[in-house]
Structures are given as structure tokens and as C-alpha cells.
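Chain by chain, the residues run as shown.
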Amino acid sequence: MHPNLVSGQYYHIYNRVINSCILFKDETNYKYFLSLYNKYINPVAYTYAWVLMPNHFHFLIQIKEDIIYKFNNSDRSADTVGLRNNKWETITKPDSVENL
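Because the structure is predicted, anything quoted here is derived from the model rather than measured.

Talk me through the overall build of the chain; I want residue IDs and the actual numbers.
Counting its secondary structure elements, the chain contains 1 helix and 5 strands. The buried share of the chain, reckoned over its 100 residues, is 18%. Restricting the contact set of the chain to residue pairs at least 6 apart, pairs at least 24 apart contribute 49%. Of the roughly 7,900 Å² of accessible surface on the chain, 55% is carried by carbon and sulfur atoms.

Encoded structure:
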């Protein structure tokens, strides 16, 4: 099951590792995480606040209103950790329902 993201809504996105493990071991890990965030989240959401800590992170975002979000799991090939390559696609919102 995937989350439904609603245009214009605000979300507190967070994640914490189990057993007090370290998620970000050094500066390179932080930079890589932020590069992925910039690539995948910035196109679809405004970021108002964020914090990265060694074992968890928080983001306060608002989903942009000028795009529609579609979950695409058409690529059924397994990746290196055995998970499917599920991706969020963004498409420009149509002018009318007839254009869907």
C-alpha cells in the first residue's frame, strides 16, 4: 500500500532507525541523502523545515498544487536489496477532466 499525497496539504515526514543504529555515519551520508531529497522531493513539495540527526530525520513539507501524483510500479524487476523499483511520477495537472 502506498500513501495518498493530497495537493496543497502539509505533511510531517519522519523516520527513525531501529535499535539506536546510526543512519548518517559521516558528512558524505548527509550530502547523499539531501541530493536524493532534492532530486525526488523538491519537484513535488515545498520544504518549510527539516532536520537530519544521526539516527533519524524530520521534514515539514507541503505538496505542490500544480501537479498530479501517480504511483508507478510497472517496473517489476528486483533491485539490489530485493525490493521493487516503485516510483512516484508527476504529471502536469490537466486543464479539464476530459484531458485525463
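For the sheet that holds strand β2 (residues 45-53), give the residues involved together with the corresponding values.
Pairing is antiparallel in the open sheet, where 3 strands are placed in the order β1-β3-β2. Two strands close off the open sheet at either side, each with one partner strand: β1 (10-16) and β2. Each strand axis lies, on average, 10 degrees off the axis of its neighbour in the sheet, ignoring direction. Across 8 bridges, the pairing between β2 and strand β3 (residues 56-63) is antiparallel. Across the sheet, residue A45 finds its bridge partner in β3, namely I63. Strands β2 and β3 of the sheet are contacted by helix α1 (residues 27-40), whose axis makes an angle of about 165 degrees with β2.

Just give me the short version of the packing of aromatic side chains, but keep the residues and values in it.
Throughout the structure, instances matching the rule amount to 8 aromatic pairs. Seen from their ring centres, Y10 and Y48 are 5.8 Å apart, and the 40 degrees between their planes marks the pair as tilted. Of this pair, Y10 sits in strand β1 while Y48 sits in strand β2, and the two are 38 residues apart along the sequence. Residue Y48 is classed as partly exposed on the basis of its relative accessible area of 47%. Every member of this aromatic cluster is reached through a ring pair, and the members are F24, Y30, F33, Y37, W50, F57 and F59. The side chain of K64 reaches across the aromatic face of Y46, ending 5.1 Å from its centre.

So what about the environment of V17? Which residues, and what values?
Along the polypeptide, V17 turns up in the loop between β1 and α1. Residue class for V17 comes out partly exposed when judged on its relative accessible area of 22%. On a C-alpha basis, the gap between V17 and H56 in space is 6.3 Å, while along the polypeptide they are 39 residues apart. For V17, the contacting residues outside a window of four places in its chain are L23 and N55.

Thresholds, definitions, all that
- Residues numbered from 1 in each chain as written.
- Predicted model: local features only at pLDDT ≥ 70, side-chain atom pairs only at ≥ 80, totals over all residues.
- Heavy atoms only, no water.
- Helix = DSSP H or I, 4+ residues; strand = E, 2+ residues; numbered from the N terminus.
- Buried < 20%, exposed > 50% of the residue type's maximum accessible area, 1.4 Å probe, protein only.
- Contact = heavy atoms within 4.5 Å.
- Areas by Shrake-Rupley, 256 points an atom, 1.4 Å probe, with all protein chains shown as cover.
- Pairing = 2+ DSSP bridges.
- Axes fitted to C-alpha atoms, helices over the stretch in contact; angles between N-to-C directions.
- Phe/Tyr/Trp six-rings, centres within 6.5 Å; stacked < 30°, edge-to-face > 60°.
- Lys NZ or Arg CZ within 6 Å of the ring centre and 35° of its normal.

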